[in-house]
Amino acid sequence: MKGDIGVIGLAVMGQNLILNMNDHGYKVVAHNRTAEKVDDFLQGPAKGTNIVGAYSLQELVDKLESPRKIMLMVRAGDVVDSFIDKLVPLLDKGDIIIDGGNTNFPDTNRRVAALKEKGIHFIGSGVSGGEEGARFGPSIMPGGSPEAWPFVKPIFQAISAKTENDEPCCDWVGNDGAGHFVKMVHNGIEYGDMQLITEAYQFMKDGLGMTHDEMQSVFIEWNKTELNSYLVEITSDILGYKDTDGEPLVEKILDTAGQKGTGKWTGINALDMGIPLTLITESVFARCLSSLKDQRVEAEELFGKKESIVEGDKQVWIEALRQALLASKIISYAQGFMLMREASNENGWDLNYGNVALMWRGGCIIRSAFLSNIRDAYDIDSELSFLGSDSYFKGILENSMSAWRKVAAKSMEVGIPMPSMTSALTFLDGYTTARLPANLLQAQRDYFGAHTYERVDKPKGEFFHTNWTGKGGDVSSTTYNS
Ligand code: 6PG
């Protein structure tokens, strides 16, 4: 009997996905560039299963049922291209290559188009949930050649996480690089959620002078509210974790954040598309700022930074902080969905936002109860332009407003940096202001560069230039948006 699917790449994610597929009754053929890794896997975790090995790409191809489904679980970038180049001559028309790595979506766009010319189907799929997710149920976000989906669907939906109603956290996302695009936004939101949690932690630790055990209890309590999520849950575990000397391990960790680039891609994409994705982008910059450790240490001394004590009833502040975190999180998701909406319109992907929320409901790093409410919001209005306008989320934003402002103002007053929580509030203030000062900005542009402006008392699309100084002349420059 031939194999149902081949997997290339036996690092931990690849191995765990294979074991997961095997658990669900699929016969998997496993390949790795280094033969030793195949042997180690077959004699180790795969021992006693139906998993078979392949020591060359030809052997892998020969051992698979048609149309062949070959999933690459290798490092994103050139390695993917190199495997595709080697596989294509060995494949038949109608065969399917799947890239399950964290690939930048324009690469997937390019690969789908290039392989289509050769009659090979290509799927670029986000896979989230880390090692444990891959083993027991990840969130899977596939997109690319739609013809390939019916062949891959049973396997992916079987191995994916399930919601509380047993719905698979995996569905077809859309054409081209849509799957990898949605995974990129997932990661951007992951950056935002993590940053917001760290801001709450710093406010509690430095502002309220709370101990780690106290903070752990707060996160445990928060996890019973609308904030219920994997990231809040692991934060409570982390805060309670003691090093060998009994001190909280988290305080021994150097405060410089790493990043592999997916959050940055999300920010760059938002700038390209002109979407105000402020919270995620602030979260990326917060990681960049954290990495300037030496400069920060010097600057603290240079500016003689004072301790940031927050006076007042601790419990009242903790509740205010909870509300500020929740409201900011709504803004972050609202911005992320705005970005997806723009990309969907620009690329003709026809994204189903309710389905995206469902795919993120379980298995992935940002999994949370909150995503069910997002799904409900898109069930009510599939083209909702701002998540915060949905009655459930609007209610929370309104109820949290005063606490959110108090936290933001206090953080500014005492000098606790909360870039994401404060920028979320600023965004909402801007979004809910019918008249912003961009009229003055347009006047400045026209004044120094004859860039023209539209008038409130004339139809949109009609452009005017004023000779502000009487010296500049009446010739205006052309208008365009870059
Ligand atoms: C996931 C994660 C994962 C990502 C890590 C690290 O969905 O399982 O998003 O894909 O690689 O979270 O990302 P950074 O190194 O950029 O923080």
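Up top is the structure.
Residues numbered from 1 in each chain as written. Predicted model: local features only at pLDDT ≥ 70, side-chain atom pairs only at ≥ 80, totals over all residues. Heavy atoms only, no water.

## Looking at the pattern of salt bridges
Applying the stated rule across the entire model yields 27 salt bridges. Ionic pairing is found between Lys 314 and Glu 214, a salt bridge with its closest N-O pair at 3.9 Å. On the criterion of sequence distance, the pair formed by Lys 314 in helix H14 (residues 314-347) and Glu 214 in helix H9 (residues 212-222) is long-range, its members being 100 residues apart. Look at Glu 214 and you get partly exposed, because its relative accessible area is 34%. (Salt bridge = Lys/Arg side-chain N within 4 Å of Asp/Glu carboxyl O. Helix = DSSP H or I, 4+ residues; strand = E, 2+ residues; numbered from the N terminus. Buried < 20%, exposed > 50% of the residue type's maximum accessible area, 1.4 Å probe, protein only.)

## Details of empty space enclosed by the protein
Vacant regions in the atomic arrangement are exposed by a probe of water-molecule size rolled over the atoms. Under the criterion given, the structure shown has one cavity of 30 Å³ or more. Counted as a void, the largest cavity has a volume near 90 Å³. If you go around the largest cavity, you meet 13 residues; those closest to its centre are Asp 193, Ile 197, Ser 229, Val 232 and Lys 329. Among the secondary structure elements, those contributing two or more residues to the lining of the largest cavity are helix H8 (178-207), helix H10 (230-240) and H14. (1 Å grid on protein atoms, 1.4 Å probe; cavity = no way out; pocket = protein on both sides within 12 Å on 5 of 7 lines; lining within 4 Å. Points joined across faces, edges and corners; volume = space filled by probe spheres on them.)

## Looking at the pairing of strand S5 (residues 96-99)
Judged by which residues are buried, S5 turns out to be covered on both faces: Ile 96 and Ile 98 on one side and Ile 97 and Asp 99 on the other are all buried. Pairing of strand S4 (residues 69-72) with S5 involves four bridges; the strand directions are parallel. Across the sheet, residue Leu 72 finds its bridge partner in S5, namely Asp 99. Following the backbone out of S4, through helix H4 (residues 78-87) and into the adjacent parallel S5, one traces a crossover that is right-handed. In this fold, the crossover linking S5 to strand S6 (residues 121-128) by way of helix H5 (residues 105-117) has right-handed handedness. (Pairing = 2+ DSSP bridges. Right-handed = clockwise from strand over helix to strand, strands pointing away.)

## Considering the sheet that holds strand S8 (residues 174-175)
Read across the open sheet, the eight strands follow the order S3-S2-S1-S4-S5-S6-S7-S8; overall the sheet is mixed. Only two strands of the sheet have a single partner each, and these edge strands are strand S3 (52-54) and S8. Of the pairings in the sheet, the one linking strand S7 (residues 139-144) to S8 comprises two bridges and is parallel in character. When the bridges of S8 are listed, Gly 143 appears paired with Gly 174. Here H5 sits on the sheet and contacts S5, S6 and S7; the angle it forms with S6, its principal contact strand, is near 155°. The sheet contacts of H8 involve S5, S6, S7 and S8, and relative to S6 the element is tilted by about 15°. (Contact = heavy atoms within 4.5 Å. Axes fitted to C-alpha atoms, helices over the stretch in contact; angles between N-to-C directions.)

## What to know about a nonpolar patch on the surface
Nonpolar side chains collect at one region of the surface, where Tyr 447, Phe 448 and Trp 468 lie side by side and expose about 400 Å² of accessible area between them. Relative to the helices and strands, Tyr 447 resides in helix H19 (residues 438-449). On the basis of relative accessible area, Tyr 447 is assigned to the exposed category, the value being 51%. (Patch = residues over 30% accessible without salt bridge, like charges linked within 9 Å, V, L, I, M, F, W, Y side chains within 5 Å. Areas by Shrake-Rupley, 256 points an atom, 1.4 Å probe, with all protein chains shown as cover.)

## Some points on the site of the ligand
The environment of the ligand is made up of 13 residues, and the closest members are Asn 102, Ser 128, Glu 190, Tyr 191 and Lys 260. Taking Lys 183, its side chain carries an N or O atom lying 2.9 Å from an oxygen atom of the ligand. Interatomic distance of 2.5 Å between a side-chain N/O atom of Tyr 191 and an oxygen atom of the ligand. Here the ligand loses 79% of its free accessible area of 410 Å² to cover by the protein chains. With five residues, H8 is the single largest residue contributor to the shell around the ligand. Taken together, the residues of the shell around the ligand sort by class into two nonpolar, seven polar and four charged. (Near = heavy atom within 4 Å. Polar contact = N/O pair within 3.5 Å; in protein donor to acceptor, adjacent residues only side chain to side chain. Nonpolar A, V, L, I, M, F, W, Y, C, P; charged D, E, K, R; others polar.)

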